[in-house]
Amino acid sequence: MTNPTLQQSHGPAFTRIYAVGAARGENAVPNADLIGPIDSSDEWIQQRTGIVTRTRAGADVSATDLATTASREAIERSGVAPELIELVIIATISNVQQTPSMAAVVADRVGANPAAAYDMNAACAGYAYAVAQADALIRSGAATYALVVGAEKLSDVVDPTDRSISFLLGDGAGAVVVGPSETPGIARTIWGSDGSKAGAVGMNGTLTEYRDGAAEWPTLRQEGQTVFRWAVWDMAKVAKQALDAAGVTSDDLAAFIPHQANMRIIDEFAKQLKLPDTVVIARDIATTGNTSAASIPLATHRLLEEHPELSGGLALQIGFGAGLVFGAQVVVLP
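In this text, all values refer to a predicted model and were calculated from it rather than measured experimentally.

**Quick notes on the side chain of Asn 31**
Logical step 1: Note on placement: Asn 31 falls in the loop between strand 2 (27–30) and helix 1 (35–38).
Logical step 2: For Asn 31, a relative accessible area of 0% corresponds to the buried category.
Logical step 3: Polar side-chain contacts of Asn 31 include one of 2.8 Å to the side chain of Asp 42.
Logical step 4: The residues touching Asn 31, leaving out its near neighbours within four places in the chain, are Asp 42, Ile 45, Gln 46, Ile 51, Val 52 and Arg 54.

**Structural notes on the domain arrangement of the chain**
Logical step 1: When cut into domains, the chain gives domain 1 (14–181) and domain 2 (190–333).
Logical step 2: One C-alpha centre belongs to domain 1, the other to domain 2; they are set 14 Å apart.
Logical step 3: Contact with domain 1, which involves 49 residues of that partner, is made by 45 residues of domain 2.
Logical step 4: Both sides of the domain 1 and domain 2 interface together cover about 3,600 Å² of buried area, and 61% of this is carbon and sulfur.
Logical step 5: In terms of surface lost to domain 2, no three residues of domain 1 exceed Arg 24, Cys 124 and Tyr 129, which account for 18% of the buried area on that side.

**Describing empty space enclosed by the protein**
Logical step 1: For the structure on display, the rule yields one cavity of 30 Å³ or more.
Logical step 2: Here the largest cavity is characterised by a volume of approximately 40 Å³.
Logical step 3: Lining the largest cavity are Ile 17, Tyr 127, Val 176, Thr 300, Gln 317, Val 331, Leu 333 and Pro 334.
Logical step 4: Here the lining of the largest cavity is composed, by residue class, of six nonpolar, two polar and no charged.

**Looking at the sheet that holds strand 1 (residues 14–24)**
Logical step 1: With respect to topology, five strands assemble into an open sheet ordered 1-7-6-4-5, the strand pairing being mixed. The two strands at the open ends of the sheet, each matched to only one other strand, are strand 1 and strand 5 (116–120). The mean inter-strand angle of the sheet, taken between neighbouring strand axes irrespective of direction, is 15°.
Logical step 2: Where strand 4 (residues 85–91) meets strand 6 (residues 145–153), six bridges bridge the pair, whose relative direction is parallel. When the bridges of strand 6 are listed, Val 88 appears paired with Leu 147.
Logical step 3: Helix 10 (residues 295–306) contacts strand 1 and strand 7 (171–181) of the sheet and is inclined by roughly 90° relative to strand 1.

**Some details on the packing of helix 3 (residues 63–78) against helix 4 (residues 102–109)**
Logical step 1: One way to put it is that helix 3 packs onto helix 4 with a least axis distance of 10 Å and a crossing angle of 45°. Judged by the angle between their axes, helix 3 and helix 4 are oblique. Note on packing geometry: the crossing formed by helix 3 with helix 4 is right-handed. The segment helix 3 lies against helix 4, with Ala 63, Thr 64, Asp 65, Ala 67, Thr 68, Ser 71 and Arg 72 engaging Met 102, Val 105, Val 106 and Arg 109.
Logical step 2: For the contact of helix 3 with helix 4, the per-class residue count stands at five nonpolar, three polar and three charged.

Conventions we followed
Residues numbered from 1 in each chain as written. Predicted model: local features only at pLDDT ≥ 70, side-chain atom pairs only at ≥ 80, totals over all residues. Heavy atoms only, no water. Helix = DSSP H or I, 4+ residues; strand = E, 2+ residues; numbered from the N terminus. Buried < 20%, exposed > 50% of the residue type's maximum accessible area, 1.4 Å probe, protein only. Polar contact = N/O pair within 3.5 Å; in protein donor to acceptor, adjacent residues only side chain to side chain. Contact = heavy atoms within 4.5 Å. Domains from an automatic or database assignment. Buried area = accessible area lost by both parts, 1.4 Å probe. 1 Å grid on protein atoms, 1.4 Å probe; cavity = no way out; pocket = protein on both sides within 12 Å on 5 of 7 lines; lining within 4 Å. Points joined across faces, edges and corners; volume = space filled by probe spheres on them. Nonpolar A, V, L, I, M, F, W, Y, C, P; charged D, E, K, R; others polar. Pairing = 2+ DSSP bridges. Axes fitted to C-alpha atoms, helices over the stretch in contact; angles between N-to-C directions. Parallel < 35°, antiparallel > 145°, perpendicular 65-115°, else oblique. Left-handed = near helix turned anticlockwise from the far one by under 90°.

Structure below.
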């Protein structure tokens, strides 16, 4: 039999980020509050990480609550009616419920029902992954407007006695609205993973082991030196590839917004990329801490609050972390 010609969707040629919103944990937690359990000092933490304090949410505030607050700000600033948002992607590793997805709950809360909604886990690269997906899905015609969120409450998955990572982590959410554009606003994403190094950053147990009494409540831990070397050397190469894919050089950038993992990594990145003095570098980690998937949009939000003149300029953003996953792209700042 002869089949009718199948119709496939197609969308706009280009996309861009319309606006960004943010929510940070309401409690500022200085280094002095954390040094006892890890037998350390404020000076040691600041020298190794650049963190002075970090934001953490109270017991009655969930990652979903943070995501909702950030999303509402992004939507309001975007000028896009929430009912026009057809896709909600939330990057997170700290949704304490396997199901329903955080994205479906947030979509309902912000008035975007019946948007397609799902959570995705690419750890600290999650936001860059989600931006890549929103860009591709809009250009394919699967959605017109998308809400992309990085949301974490890492204080739920941290062991305060773990010297490898506990003092790094904060809570927060950052959100952006992505939609069609007449000119290119999101360049091709360079992304990937190296599962052979999966043991370098991750959880120290499984939920089934915890259920069976074979392990404590799973918490994050890392091999600090392994992660540092990987981030500094391998991720600088990925960042350069992202610049090449966008057809620009570091001289064309207005801002550099790396995952806020460690101030020493950020500083080394700047050297490796030979960033000119004109490029503003996001250093949100000093007062927010490492918020995994939320760190890039949170840093973007703060950068634009402090430097509104950067709006319309090019920013290189790169996320990297557990599983050893990575994603980088050049975007036009909203």
